Amino acid sequence: MVRRVAVIGAGAAGLASVKCCLDEGLEPTCFESSEDIGGVWRYTDSADHRRVTVYRSVVTNTSKEMSCFSDFPFPEDFPNYLSHSLILEYLRMYARNFALLQHIRFQTTVLSVKKRPDFTTSGQWEVVTETGGVREAHIFDAVMVCTGHYQEPYLPLAAFPGIESRFKGQRLHSQEYRDVQAFQGKRVLVIGIGNTGGDLSVELSRVAAKVFLSTRSNTWVISRISKHGFPFDMVSTTRFNQLVEWLLPSALWRRIRFRKFNSWFNHTNYGLASSKSSKFNMIINEELPFCLLSGAVVLKPNVKEFTESSAVFEDGTTEENIDVVLFATGYNFSFPFLEDSVGSTIDNNRSLYRCIFPPQLEKPTLAIVGLIQLTGSIMVGSEMQARWVTRVFAGWNKLPPPSRMMAEVLKMKPPVKRNPSERENLKLSFISYMDKIAACAGVKPSVLRLLLTDPQLALAIFFGPCSPYQYRLVGRGSWSGARAAILTQWQRSLKPLRTRVLGDSSSSSSGWCWICLLALPAALTAGFLFSKRPQPGWSPWAGAQL
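What counts, and where the lines are drawn
- Residues numbered from 1 in each chain as written.
- Predicted model: local features only at pLDDT ≥ 70, side-chain atom pairs only at ≥ 80, totals over all residues.
- Heavy atoms only, no water.
- Helix = DSSP H or I, 4+ residues; strand = E, 2+ residues; numbered from the N terminus.
- Contact = heavy atoms within 4.5 Å.
- Areas by Shrake-Rupley, 256 points an atom, 1.4 Å probe, with all protein chains shown as cover.
- Polar contact = N/O pair within 3.5 Å; in protein donor to acceptor, adjacent residues only side chain to side chain.
- Buried < 20%, exposed > 50% of the residue type's maximum accessible area, 1.4 Å probe, protein only.
- Pairing = 2+ DSSP bridges.
- Right-handed = clockwise from strand over helix to strand, strands pointing away.
- Axes fitted to C-alpha atoms, helices over the stretch in contact; angles between N-to-C directions.
- Salt bridge = Lys/Arg side-chain N within 4 Å of Asp/Glu carboxyl O.
- Core = buried A, V, L, I, M, F, W, Y, C linked by side-chain atoms within 4.5 Å.
- Domains from an automatic or database assignment.
- Expected span 1.5 Å × (residues − 1).
- Parallel < 35°, antiparallel > 145°, perpendicular 65-115°, else oblique.
- Left-handed = near helix turned anticlockwise from the far one by under 90°.
- Nonpolar A, V, L, I, M, F, W, Y, C, P; charged D, E, K, R; others polar.

## What about the overall build of the protein?
Thought 1: Summing up its helical and strand segments, the protein has 19 helices and 20 strands in all.
Thought 2: Long-range contacts, defined as pairs at least 24 residues apart, comprise 70% of the intrachain contacts of the protein with a sequence gap of at least 6.
Thought 3: As displayed, the protein has an accessible area near 23,600 Å², and 53% of this comes from carbon and sulfur atoms.

Set out below in structure tokens:
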């Protein structure tokens, strides 16, 4: 019987895990190595290599309505896309509202997590911590690891001959970057065109003498702003879009998407991507296309080698007088505190059952929460994981036997990819993954049932954003405010924009109800088809993580 639970890390996933433990009547103790909550969202000017934090200018790539905890919306006057300070403020509000801080031990490092000798029968773990130089051993019935995947900077120096032996300029990883002050008037080469690489290239171009952005990937650039000025993820991440994607042949769907992306600007003309590309990356960035168009940022292919002061690229071109090489090459994760028999088996999230549970354990009392890459908010996905995990710990949900879990893991597990940019291709569809875990936890909403009992809500769920509130409508932990939150989410997205009232102040979202009513026959048909056939496990819709 699980009662005492150790939660490692007090970032967004750790806070959600503590709250979910309390919801299920468990007794959590959260260990946080720093002096405060927030994880990567607690910005600091210090470039401490032991702690990963966001850079000063970061803005979320997922909107507030699609990124909040499912029973705790962001304040309606918060902007749709948020700075790190607003995210941290929200996490503090969440912690205060649910009285989480009293369960957290700050400045306490977890040194080891090992099975107890009687683990096969008790499922218990011995957790050794250190606070102020004093070590302490604890016994817990279960452990939730919430350290995320932004842990160790990935710096592939061996892939760039000359960077260590010949190049005389400065080199650093984006983890060390805070702001542009140190790059005034310099010629900077950014390696990697993920969301971070794109953001930093744009920001550096305002003060640097020249910025070069090197990539080996085909990349599609999309904007946070979608139809009628609404957030992109609110418009694109819908159950209706998911169904259309699944029904259409993949080649046709890919062609439709590429045509849509190219309607903003022709990616081939900019050297970013071709519609014939089978492998591609997607990033969120409104400013990068203009920076390329104005010459403030110059796109380059992969670097072949470095000399003392220049970079030679695979197309034979050379850029001289490079002052700084900035690696935006992502992060690796590790769990050095886990005993080797467990930690060594986790090479990516597909090594885990449903990306959460190590399948080989005799007792399912260890969960990895937040080690996911979704096409939507990681924060939302982590909370859903925590809800299911704590239900398993509390005995409300059961896992299959280890043999079945191992079989599923082996079936789904792709080749090991050590390069974080390659792991981007392992992103899971936000809706598919959320629905899968929600079904395990008994909280997945039924569109068909709602069509019979609450048509307005059913249509909003099917055609509108797949926001986190959908997963608080039914089952344990349902929230009485979920329906209202779903039906008013468009208005909340407009609220922070209403700082200057015009004569015609009618909301452009007012036509949404009429669209939903006209689409009722389609919803009935689509809902029936979707309930009879398996849901897609993958989705190419991109979204950066919150």
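## Quick look at the side chain of Asp 36
Thought 1: Of note, Asp 36 is situated in the loop between β2 (27-31) and α2 (84-97).
Thought 2: A distance of 2.7 Å separates polar atoms of two side chains, one belonging to Asp 36 and the other to Arg 92.
Thought 3: Those residues in contact with Asp 36, other than ones at most four positions away along the chain, are Arg 42, Arg 92 and Phe 106.

## Remarks on the pairing of strand β10 (residues 187-191)
Thought 1: Within β10, four of the five residues are buried, leaving the element largely enclosed by the surrounding structure.
Thought 2: Here β10 runs beside strand β11 (residues 210-214); their pairing, made up of five bridges, is parallel. Bridge pairing in β11 links Val 190 to Leu 213.
Thought 3: Each parallel crossover has a hand, and for β10 linked through helix α4 (residues 195-204) to β11 it is right-handed.
Thought 4: Note: β10 against strand β18 (residues 324-327), four bridges, orientation parallel. Bridging across to β18, Val 188 finds its partner in Val 324.

## A short note on the sheet that holds strand β6 (residues 134-140)
Thought 1: Pairing is antiparallel in the open sheet, where three strands are placed in the order β4-β5-β6. Only two strands of the sheet have a single partner each, and these edge strands are β4 (108-115) and β6. Strand-to-strand, the axes of this sheet are offset by a mean angle of 20 degrees, without reference to chain direction.
Thought 2: By the bridge criterion, seven bridges tie β4 to strand β5 (residues 125-131) in an arrangement that is antiparallel. Within β5, the position partnered with Lys 115 by the bridge is Trp 125.

## Focus on the pattern of salt bridges
Thought 1: Tallying each qualifying case throughout the model produces 23 salt bridges.
Thought 2: The partner of Arg 56 in a salt bridge is Asp 179, with the nearest N and O atoms 2.9 Å apart. With a gap of 123 residues between them, Arg 56 in the loop between β2 and α2 and Asp 179 in the loop between β9 (170-173) and β10 connect regions that are remote in the sequence.
Thought 3: Judged by relative accessible area, which is 39%, Arg 56 ranks as partly exposed.
Thought 4: Connected through salt bridges with shared partners, the residues Lys 19, Asp 23, Asp 71, Glu 383 and Arg 472 form a single ionic network.

## Digging into the nonpolar core
Thought 1: If you look at the biggest cluster of nonpolar residues, it comprises 108 residues, and the most contacted ones within it are Val 5, Phe 69, Met 144, Leu 204, Phe 357, Trp 388 and Phe 393.
Thought 2: Examining the composition of this core, we find that 10 residues originate from one element, helix α10 (residues 378-394), more than from any other.
Thought 3: Lining this core are residues from two domains, each supplying at least three of them: domain 1 (4-151 + 333-412) and domain 2 (154-223 + 264-330).
Thought 4: For Phe 357, the residues in contact, after removing those within four places along its chain, are Leu 352, Pro 364, Leu 366, Ala 367, Trp 388, Val 389, Val 392, Phe 393 and Leu 399.

## A short note on helix α13 (residues 430-441)
Thought 1: Its 12 residues give α13 an end-to-end C-alpha distance of 16 Å, which sits within 8% of 16 Å, the value for a rise of 1.5 Å per residue.
Thought 2: Inspection of α13 places Phe 430, Ile 431, Ser 432, Tyr 433, Met 434, Asp 435, Ile 437, Ala 438 and Ala 441 among the buried residues, and these make up the whole buried set.
Thought 3: Looking one or two residues past α13, Gly 442 carries a phi angle of roughly 75 degrees, positive in sign.

## Re the sheet that holds strand β17 (residues 318-319)
Thought 1: Strands sit in the order β15-β16-β17 across an open sheet of three strands; the sheet is antiparallel. Looking along the sheet, the strands with just one partner apiece sit at the ends: β15 (303-306) and β17.
Thought 2: Of the strand pairs in this sheet, strand β16 (residues 311-313) and β17 are connected by two bridges, and their pairing is antiparallel. Among the inter-strand pairings, Val 312 is bridged to a residue of β17, identified as Thr 318.

## Brief notes about unusual backbone geometry
With the exception of glycine, the majority of residues adopt a negative phi angle, and the majority of peptide bonds are in the trans configuration.
Thought 1: Even without glycine at this site, His 228 takes up a positive phi of about 60 degrees.
Thought 2: Mapped onto the elements of the fold, His 228 is located in the loop between β12 (219-222) and α5 (232-236).
Thought 3: With a phi angle near 55 degrees, Arg 354 is a residue other than glycine that sits in the positive phi range.
Thought 4: Turning to its location among the elements, Arg 354 is positioned in the loop between α9 (340-343) and β20 (366-368).
Thought 5: By relative accessible area, Arg 354 is classed as buried at 18%.

## Digging into the packing of helix α1 (residues 12-23) against α10
Thought 1: Direction vectors running N to C along α1 and α10 enclose 30 degrees, while the axes themselves pass 9 Å from each other. Here α1 lies roughly parallel to α10, going by the angle between them. The interaxial crossing formed by α1 with α10 has right-handed handedness. Every residue of α10 that contacts α1 at Ala 12, Ala 13, Ala 16, Ser 17, Cys 20 and Cys 21 is listed here: Met 379, Ser 382, Glu 383, Ala 386, Arg 387 and Thr 390.
Thought 2: Residues that form the contact of α1 with α10 fall into these classes: seven nonpolar, three polar and two charged.

## Quick look at the side chain of Thr 215
Thought 1: Within the secondary structure, Thr 215 is located in the loop between β11 and β12.
Thought 2: A residue is classified by how much of its surface remains accessible, and Thr 215, at 12% relative accessible area, is buried.
Thought 3: Within the local environment of Thr 215, its side chain forms a polar contact with the backbone nitrogen of Ser 217, the two atoms lying 2.9 Å apart.
Thought 4: With sequence-adjacent residues up to four places away left out, Thr 215 is seen in contact with Ile 193, Leu 299, Lys 300, Pro 301 and Asn 302.

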